[in-house]
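Here is what each chain is made of, one letter per residue.
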Amino acid sequence: MDSLVRLGMNSDVLPSDAQTTHASADNGAVEQKDYFVERNGVRYAGTHLIIDLWGATNLDDPGHIDAVLREGAIATGATILHGHFHHFSPNGGVSGVLVLAESHVSIHTWPERDYAALDIFVCGDCDPYKAIPVLKRGFLPERVQLAEHKRGLIG
C-alpha cells in the first residue's frame, strides 16, 4: 500500500478487497493475494468486456461521461485511482479512461453517429457486468453489443 501512496495515490483511497493483501491468522505474516480469478474451474486474470452502445445519448459531455463511468466502475466493486477525459472538436467526441486498482474503464464516443465504444477490464472479485445497467441509464442506448474476453487464461 505504501508504494501506491508514494506513486501519488491519495492515501485516503484504499484498494478494494480485490486488490489487498491479508495477514495470515497463524503467524501474522502478510501473504500475497492472488488476483487471478477462478470460476467454473477456469483460472484467469480478469474479465474484459467490449461494449458498443448504438443510438446512445449524452456522448459529447465529458463531465457526464466521467460521472457515468465512475458510477459504473464503483458498481463493479473497483477502486478508481485516476481519470482523464478529452473533448474533441468540431464533432464533440470524447475519449477517456479511468485507471482502476483492478485495471481500467475506457470510452471513445462519436456523438455524430450516436455511438460509443467502451472497454471494462477488471480483475479479482470485481464484476464488470454490474456496470451495464449504469451505462444504460447514463447513455440511454437503443442497442448494446457486448463481447467478453477472459484475459490471462490459464486453462
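Residues numbered from 1 in each chain as written. Predicted model: local features only at pLDDT ≥ 70, side-chain atom pairs only at ≥ 80, totals over all residues. Heavy atoms only, no water.

Enquirer: Help me understand the sheet that holds strand 5 (residues 46-54), please; the structure alone is not making it clear to me.
Expert: The strands making up a sheet associate through hydrogen bonds between their backbones, and the pairing can be parallel or antiparallel. Taken in spatial order, the six strands of this open sheet run 6-7-8-9-5-10, and their pairing is antiparallel. Sheet topology places strand 6 (80-87) and strand 10 (143-151) at the edges, where each strand pairs with a single neighbour. Averaged over neighbouring strand pairs, the angle between their axes works out to 10° when direction is ignored. The sheet strands contacting helix 2 (residues 62-76) are strand 6, strand 7 (94-100), strand 8 (103-110) and strand 9 (115-123), and the helix crosses strand 6 at an angle near 155°. On the sheet, helix 3 (residues 132-139) packs against strand 5, strand 8, strand 9 and strand 10 and is oriented at approximately 20° with respect to strand 5. (Pairing = 2+ DSSP bridges. Helix = DSSP H or I, 4+ residues; strand = E, 2+ residues; numbered from the N terminus. Axes fitted to C-alpha atoms, helices over the stretch in contact; angles between N-to-C directions. Contact = heavy atoms within 4.5 Å.)

Enquirer: How do you make sense of the packing of aromatic side chains when you look at a structure like this?
Expert: We describe a pair of aromatic rings using the distance from one ring centre to the other and the angle between the two ring planes. Counted by the stated rule, this structure contains two aromatic pairs. Taken together, a centroid distance of 4.4 Å and an interplanar angle of 40° make the contact between Trp 54 and Tyr 115 tilted. Placement of Trp 54 in strand 5 and of Tyr 115 in strand 9 is noted, with a sequence separation of 61 residues between them. The exposure class of Tyr 115 is buried, given its relative accessible area of 15%. Relative to Tyr 115, the ring of Trp 110 has its centre 5.3 Å away and its plane inclined at 40°; by these criteria the two rings are tilted. In textbook terms, an aromatic cluster arises when at least three aromatic residues are bridged by ring pairs, as seen for Trp 54, Trp 110 and Tyr 115. One residue, Lys 150, lies across the ring of Tyr 44, its end atom 5.3 Å from the ring centre. (Phe/Tyr/Trp six-rings, centres within 6.5 Å; stacked < 30°, edge-to-face > 60°. Buried < 20%, exposed > 50% of the residue type's maximum accessible area, 1.4 Å probe, protein only. Lys NZ or Arg CZ within 6 Å of the ring centre and 35° of its normal.)

Enquirer: I tried to follow the side chain of Asp 52 on my own but got confused; where do I start?
Expert: Here Asp 52 is to be found in strand 5. Only 2.8 Å separates the side chain of Asp 52 from the side chain of Tyr 115, close enough to count as a polar contact. Every residue in contact with Asp 52, bar those within four places of it in the chain, is listed here: Tyr 115, Ala 116, Ala 117, Arg 143, Val 144 and Gln 145. (Polar contact = N/O pair within 3.5 Å; in protein donor to acceptor, adjacent residues only side chain to side chain.)

Enquirer: Explanation requested: the nonpolar core in the structure shown.
Expert: Within soluble globular proteins, side chains that are nonpolar tend to cluster in buried spots. Of all hydrophobic cores here, the largest spans 27 residues; its most connected members are Leu 69, Leu 135 and Phe 139. When contributions to this core are tallied by element, the ones reaching two or more residues are strand 5, helix 2, strand 6, strand 7, strand 8, strand 9 and helix 3. (Core = buried A, V, L, I, M, F, W, Y, C linked by side-chain atoms within 4.5 Å.)

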